[in-house]
Amino acid sequence: KAGVTQTPRYLIKTRGQQVTLSCSPISGHRSVSWYQQTPGQGLQFLFEYFSETQRNKGNFPGRFSGRQFSNSRSEMNVSTLELGDSALYLCASTLSAGGNNEQFFGPGTRLTVL
Amino acid sequence: QQQVKQSPQSLIVQKGGISIINCAYENTAFDYFPWYQQFPGKGPALLIAIRPDVSEKKEGRFTISFNKSAKQFSLHIMDSQPGDSATYFCAASKSGSEKLVFGKGTKLTVNP
């Protein structure tokens, strides 16, 4: 069974640009969550989606947005990039929603903002 | 506000030794406490998890100890091996959400 896939794996952008990251969950998984990982702040929750609906959102500015499609694939978008957005963005999928489920993480997308 | 505090930040142990990582949480609504292991260039992978209705859970060389009254939980790695060298994260979540609140991580180095 294929794991969580994230594309692209690496991305370099300049300040002010926008970026879209993609996540394909494990087949059959319907819940997708996104996290930002930085050396200073660690792993921070961005959003949680289930059945195309955002169920939870972390404390990030409105420049960060996401969506989920009917096939459970998810995308996140960051507009007007800032240097501080440089991070590893991780996607995790779970079979269902409701909490206390094992989350399977993808390898992440490394975003560098110059 | 850091809801899950993890210590130590880094840990060096000898092969065969015991590695102990501690976490403390603030939100009493948390009812699921997983530990994740992350190798460089990889996403975190679930190692072991516990719910507050038990005080200890063991899976192979890995044991979680849970103290509900103190709001603390810890990971013990017995007979630590060089292959265990990785960053370990504790986390917490509450029912109804897949949102995980992570500790800052512990970089474990096991010397041969």
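Residues numbered from 1 in each chain as written. Chains lettered and ligands numbered in written order. Predicted model: local features only at pLDDT ≥ 70, side-chain atom pairs only at ≥ 80, totals over all residues. Heavy atoms only, no water.

Enquirer: Would you mind showing me how to read the environment of cysteine 23 of chain B here?
Expert: Residues and elements named next belong to chain B. Inspection of the secondary structure puts cysteine 23 in strand E3 (residues 19-25). Judged by relative accessible area, cysteine 23 falls into the buried class, the value being 3%. Counting along the chain gives 18 residues from cysteine 23 to lysine 5, while the straight-line C-alpha distance between them is 5.4 Å. Aside from chain neighbours lying at most four places away, what touches cysteine 23 is Val4, Lys5, Gln6, Trp35, Lys71, Gln72, Phe73 and Cys90. (Helix = DSSP H or I, 4+ residues; strand = E, 2+ residues; numbered from the N terminus. Buried < 20%, exposed > 50% of the residue type's maximum accessible area, 1.4 Å probe, protein only. Contact = heavy atoms within 4.5 Å.)

Enquirer: Help me understand the layout of surface pockets, please; the structure alone is not making it clear to me.
Expert: The rolling of a water-molecule-sized probe over the atoms marks out the regions of remaining empty space. Its boundaries defined by the atoms lining it, the largest pocket holds a volume of some 620 Å³. Every residue lining the largest pocket is counted, 24 residues in all, and those nearest its centre are Gln37 and Arg110 of chain A together with Gln38, Thr87 and Phe89 of chain B. Listed by contribution, the elements that provide at least two residues to the lining of the largest pocket are strand E4 (31-38) of chain A together with strand E9 (86-92) and strand E11 (106-111) of chain B. Its residues assigned to classes, the lining of the largest pocket comprises eight nonpolar, eleven polar and five charged. (1 Å grid on protein atoms, 1.4 Å probe; cavity = no way out; pocket = protein on both sides within 12 Å on 5 of 7 lines; lining within 4 Å. Points joined across faces, edges and corners; volume = space filled by probe spheres on them. Nonpolar A, V, L, I, M, F, W, Y, C, P; charged D, E, K, R; others polar.)

Enquirer: Explain the sheet that holds strand E7 (residues 62-67) of chain B to me, please; I cannot follow it from the model alone.
Expert: The strands that make up a sheet pair up through hydrogen bonds in the backbone, lying either parallel or antiparallel. Residues and elements named next belong to chain B. Pairing within the open sheet is antiparallel, and its five strands lie in the order E1-E3-E8-E7-E6. The open sheet is flanked by strand E1 (4-7) and strand E6 (56-59), the only strands paired with a single partner. In this sheet, neighbouring strand axes are inclined to one another by 15° on average, regardless of whether the strands run parallel or antiparallel. Looking at chain direction, E6 and E7 are connected through four bridges and run antiparallel. Residue pairing in the sheet places lysine 57 in a bridge with isoleucine 64 of E7. (Pairing = 2+ DSSP bridges. Axes fitted to C-alpha atoms, helices over the stretch in contact; angles between N-to-C directions.)

Enquirer: Hey, could you run me through the sheet that holds strand E8 (residues 74-78) of chain A in this one?
Expert: All names here are of chain A. One open sheet holds the four strands; their spatial order is E1-E3-E8-E7, and the pairing between them is antiparallel. The open sheet terminates on both sides in strands that have one partner only, identified here as strand E1 (5-7) and strand E7 (64-68). Here the average twist between neighbouring strands, direction ignored, is 20°.

Enquirer: So what exactly am I meant to see when it comes to the nonpolar core here?
Expert: The nonpolar side chains of a soluble globular protein tend to be buried with one another. Residues and elements named next belong to chain B. Among the nonpolar cores identified, the biggest contains 25 residues, and Val4, Phe33, Trp35, Phe73, Leu75 and Tyr88 are the most heavily contacted of them. Sort the elements by how many residues they give to this core and E9 lands first, with four residues. Setting aside residues no more than four positions away along its own chain, valine 4 makes contact with Cys23, Ala24, Tyr25, Phe30, Cys90, Ala92, Val101, Phe102 and Gly103. (Core = buried A, V, L, I, M, F, W, Y, C linked by side-chain atoms within 4.5 Å.)

Enquirer: When you look at unusual backbone geometry in this model, what are you seeing that I'm missing?
Expert: Peptide bonds are mostly trans, and most non-glycine residues show a negative phi. All names here are of chain A. Cis geometry is adopted by the peptide bond preceding proline 8, which originates at threonine 7 and carries an omega value of -10°. Among the structural elements, proline 8 can be located in the loop between E1 and strand E2 (10-13). In the Ramachandran plot, serine 51 falls in the positive-phi region, its phi being about 50° despite a non-glycine side chain. Assignment of secondary structure puts serine 51 in the loop between strand E5 (42-50) and strand E6 (53-57).

Enquirer: So what exactly am I meant to see when it comes to the packing of aromatic side chains here?
Expert: What describes a pair of aromatic rings is the distance from one ring centre to the other and the angle between the planes of the rings. Here the structure, examined in full by the defined rule, presents 17 aromatic pairs over all chains. Consider the rings of phenylalanine 47 of chain A and tyrosine 49 of chain A, whose centres lie 5.9 Å apart with planes at 50°: the pair is tilted. Consider the rings of tryptophan 35 of chain B and phenylalanine 73 of chain B, whose centres lie 5.7 Å apart with planes at 70°: the pair is edge-to-face. Within this pair, whereas tryptophan 35 of chain B is found in strand E4 (residues 33-38), its partner phenylalanine 73 of chain B is found in strand E8 (residues 72-77), the two being separated by 38 residues in sequence. Using a relative accessible area of 2% as the deciding quantity, one classes phenylalanine 73 of chain B as buried. Taken together, the ring pairs connect Tyr35, Phe45 and Phe105 of chain A together with Tyr36, Phe89 and Phe102 of chain B into an aromatic cluster. (Phe/Tyr/Trp six-rings, centres within 6.5 Å; stacked < 30°, edge-to-face > 60°.)

Just distances and angles here, no functional claims.
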